[in-house]
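So you can see what is in the structure, the chains are spelled out below.
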Amino acid sequence: MKKLINEPGDVVDEMLEGMVAAHPEYLRRLDGLEVLVRADAPVDGKVAVVSGGGSGHEPTHAGYLGEGLLDGAAAGEMFTSPTADQLGEMIAACDGGAGVLCVVKNYEGDVMNFDTGAEMAAMEDVEVEQVVVDDDVAVEDSLYTSGRRGVCGTILVHKVAGAKAAAGGELSEVKQVAEKVIDNVGTMGTALTSCVTPEKGEPTFDLGDDEIELGIGIHGEPGTERVDHMPADEITDHLTERVLEDLGTDSGAEVVTIVNGMGGTPLSELYVVNRRLQEILGDRGIETWDAWVGDYMTSLDMMGCSITVLEVDDELKELLAAPADSPALKV
């Protein structure tokens, strides 16, 4: 497969250097580490919000570094958790004296290494709290998780927690709003093709020309079923109904939706999916307060999408509407 890379083992390092070169007003790199932080980190007196995980999901995570969002983002190798040492260094570097909230996607390596990294930072008198995002409604356990996977709903956790921290919230308050999002968000995705990692150079799983995978994970983990390719409306119906059923969303609810591209899907196709998603919600008497469409948490060059629904109240709407300024997301 053709890729714009040099050596496969250098992709993450060179990607981070390129990000800093493109966005020096937002980002800086911690010396010798695959960690980016806000250019002005640490911000004195503000709770820091940090995240991280394997590379290959860009703009997640470092694309969300900036005012009203994340303070630090650690990048592991492709689809591989950052090391505990890197996470500990990141947490300590971002602490402005008010504590640090770690937003972790529910993958065993991420959870284990964030736990250890937080313990290392605590030894340096940093107050650390952690939330684990598990918004994928498709499967209860997968190749990399105990319990549900953390996927695109994580971006809404970043936004709400980052806004609460920017408004001067205490660490316990920032954690509380992050948990409110986790309790009220659901996501399900589909793959039309496999992704291709730089190291492997070929598809990570086999998918027939006329097949799609429903409920796929962002690393290519198996979904709920493999079926013949369907029109966009039928795929959207399936994904949306599963998410709404899981959330128990009723008529009269207000929601934020995300139609998220997996990296290889044209924006035009994502808008086709959003058209049907909004029709479904309208038919059910569910009001869309805001709709996001684009690439927010990808899987390299996979063709496909995910649908995220978050039920919102006045507090969450205020935090989602608060100013944010990062390379990948501006409000």
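Scope of this entry: the structure provided in the associated data block. Bear in mind that the values here come from a model prediction, so they are computed numbers and not experimental data.

Reading guide: rules and limits
- Residues numbered from 1 in each chain as written.
- Predicted model: local features only at pLDDT ≥ 70, side-chain atom pairs only at ≥ 80, totals over all residues.
- Heavy atoms only, no water.
- Helix = DSSP H or I, 4+ residues; strand = E, 2+ residues; numbered from the N terminus.
- Rg over C-alpha atoms; globule rule 2.2 N^0.38 Å.
- Buried < 20%, exposed > 50% of the residue type's maximum accessible area, 1.4 Å probe, protein only.
- Contact = heavy atoms within 4.5 Å.
- Core = buried A, V, L, I, M, F, W, Y, C linked by side-chain atoms within 4.5 Å.
- 1 Å grid on protein atoms, 1.4 Å probe; cavity = no way out; pocket = protein on both sides within 12 Å on 5 of 7 lines; lining within 4 Å.
- Points joined across faces, edges and corners; volume = space filled by probe spheres on them.
- Nonpolar A, V, L, I, M, F, W, Y, C, P; charged D, E, K, R; others polar.
- Axes fitted to C-alpha atoms, helices over the stretch in contact; angles between N-to-C directions.
- Parallel < 35°, antiparallel > 145°, perpendicular 65-115°, else oblique.
- Left-handed = near helix turned anticlockwise from the far one by under 90°.
- Salt bridge = Lys/Arg side-chain N within 4 Å of Asp/Glu carboxyl O.

Some points on the overall build of the protein
Then step 1. Per the secondary structure count, the protein includes eight helices and twelve strands.
Then step 2. Scaling as 2.2 N^0.38, a compact globule of 331 residues should have a C-alpha radius of gyration of about 20 Å, and the protein matches this with 19 Å.
Then step 3. With the C-alpha coordinates of the protein rotated into their principal frame, the extents come out at 55 × 50 × 35 Å.
Then step 4. In the protein, buried positions account for 57% of the 331 residues.
Then step 5. A sequence separation of at least 24 residues applies to 72% of the contacts in the protein between residues at least 6 apart.

Regarding the nonpolar core
Then step 1. L101, L156, V181, W292 and L310 are the most contacted members of the largest nonpolar core, which has 62 residues in total.
Then step 2. Per-element accounting of this core gives the leading share, seven residues, to helix α4 (residues 153–166).
Then step 3. Beyond its immediate stretch of four places on either side in the chain, L310 contacts L156, V181, N184, V185, E254, V255, V256, L316 and L320.
Then step 4. The next biggest cluster of nonpolar side chains, apart from the first, holds 25 residues, and it includes L214, V273, I280 and V309.

As for the layout of surface pockets
Then step 1. If you add up the space inside the largest pocket, you get close to 270 Å³.
Then step 2. Forming the boundary of the largest pocket are K3, L4, I5, N6, V11, E14, M15, E58, M78, P198 and L300.
Then step 3. Per-element accounting of the lining of the largest pocket gives the leading share, three residues, to helix α1 (residues 11–22).
Then step 4. Taken together, 15 residues line the second largest pocket, and the ones lying closest to its centre are L192, A232, I235, E269 and V273.
Then step 5. Those elements that provide at least two residues to the lining of the second largest pocket are α6 (232–247), α7 (267–283) and β12 (304–311).
Then step 6. Looking at the lining of the second largest pocket residue by residue, the classes come out as nine nonpolar, five polar and one charged.

Description of the packing of α4 against helix α8 (residues 314–321)
Then step 1. Following both chains from N to C, one finds α4 and α8 inclined at 85°, their axes separated by 8 Å at the closest point. Between α4 and α8, the interaxial angle falls into the category roughly perpendicular. Residues L156, K159, V160, A163 and K164 of α4 pack against E315, L316, L319 and L320 of α8.
Then step 2. Partitioning the contact of α4 with α8 into residue classes produces six nonpolar, no polar and three charged.

Section: the packing of α4 against helix α5 (residues 171–183)
Then step 1. One way to put it is that α4 packs onto α5 with a least axis distance of 9 Å and a crossing angle of 155°. Between α4 and α5, the interaxial angle falls into the category roughly antiparallel. The two elements α4 and α5 cross, and the hand of that crossing is right-handed. Where α4 approaches α5, its residues L156, V157, V160, A161, K164 and A165 are matched on the opposing element by E173, V174, V177, A178, V181 and I182.
Then step 2. In terms of residue class, the contact of α4 with α5 is built from ten nonpolar, no polar and two charged.

Quick look at empty space enclosed by the protein
Then step 1. As enumerated under the stated definition, the model contains two cavities of 30 Å³ or more in all.
Then step 2. In this structure, the largest cavity occupies an estimated 80 Å³ of space.
Then step 3. Around the largest cavity sit 15 residues that line it, and E58, T60, H61, A62 and A75 are the ones nearest its centre.
Then step 4. Looking at the lining of the largest cavity, the elements that each hand over two or more residues are α1, β3 (48–55) and β4 (72–78).
Then step 5. Tallied by class, residues from the lining of the largest cavity come to eight nonpolar, six polar and one charged.
Then step 6. A volume near 60 Å³ is recorded for the second largest cavity.
Then step 7. In terms of lining residues, the second largest cavity is bounded by D136, V151, C152, T187, M188, G189, I216, I218, N260, M262, M297 and S306.
Then step 8. With three residues, the top contributor of residues to the lining of the second largest cavity is strand β7 (residues 185–191).

Here we look at the pattern of salt bridges
Then step 1. Considering all chains together, one arrives at 20 salt bridges under this definition.
Then step 2. Here R29 ties to E17 by a salt bridge, and the two come within 2.6 Å at their closest N and O atoms. Of this pair, R29 sits in strand β1 (residues 27–29) while E17 sits in helix α1; the two residues are twelve residues apart in sequence, bridging distant segments of the chain.
Then step 3. E279 is paired through a salt bridge with R276; the nearest N and O atoms lie 3.1 Å apart. Here E279 pairs with R276, and both are found in helix α7, just three residues apart, close to one helical turn.
Then step 4. The structure contains a network of salt bridges with shared partners spanning D233, D237, R275, R276 and E279.

Considering unusual backbone geometry
Then step 1. That bond from A41 to P42 is cis: its omega, -5°, falls within 30 degrees of zero.
Then step 2. Here P42 is to be found in the loop between β2 (35–38) and β3.
Then step 3. The peptide bond linking E58 to P59 adopts the cis configuration, its omega dihedral lying at 15°.
Then step 4. With a phi angle near 55°, F79 is a residue other than glycine that sits in the positive phi range.

The values reported here are purely geometric and, on their own, carry no functional implication.
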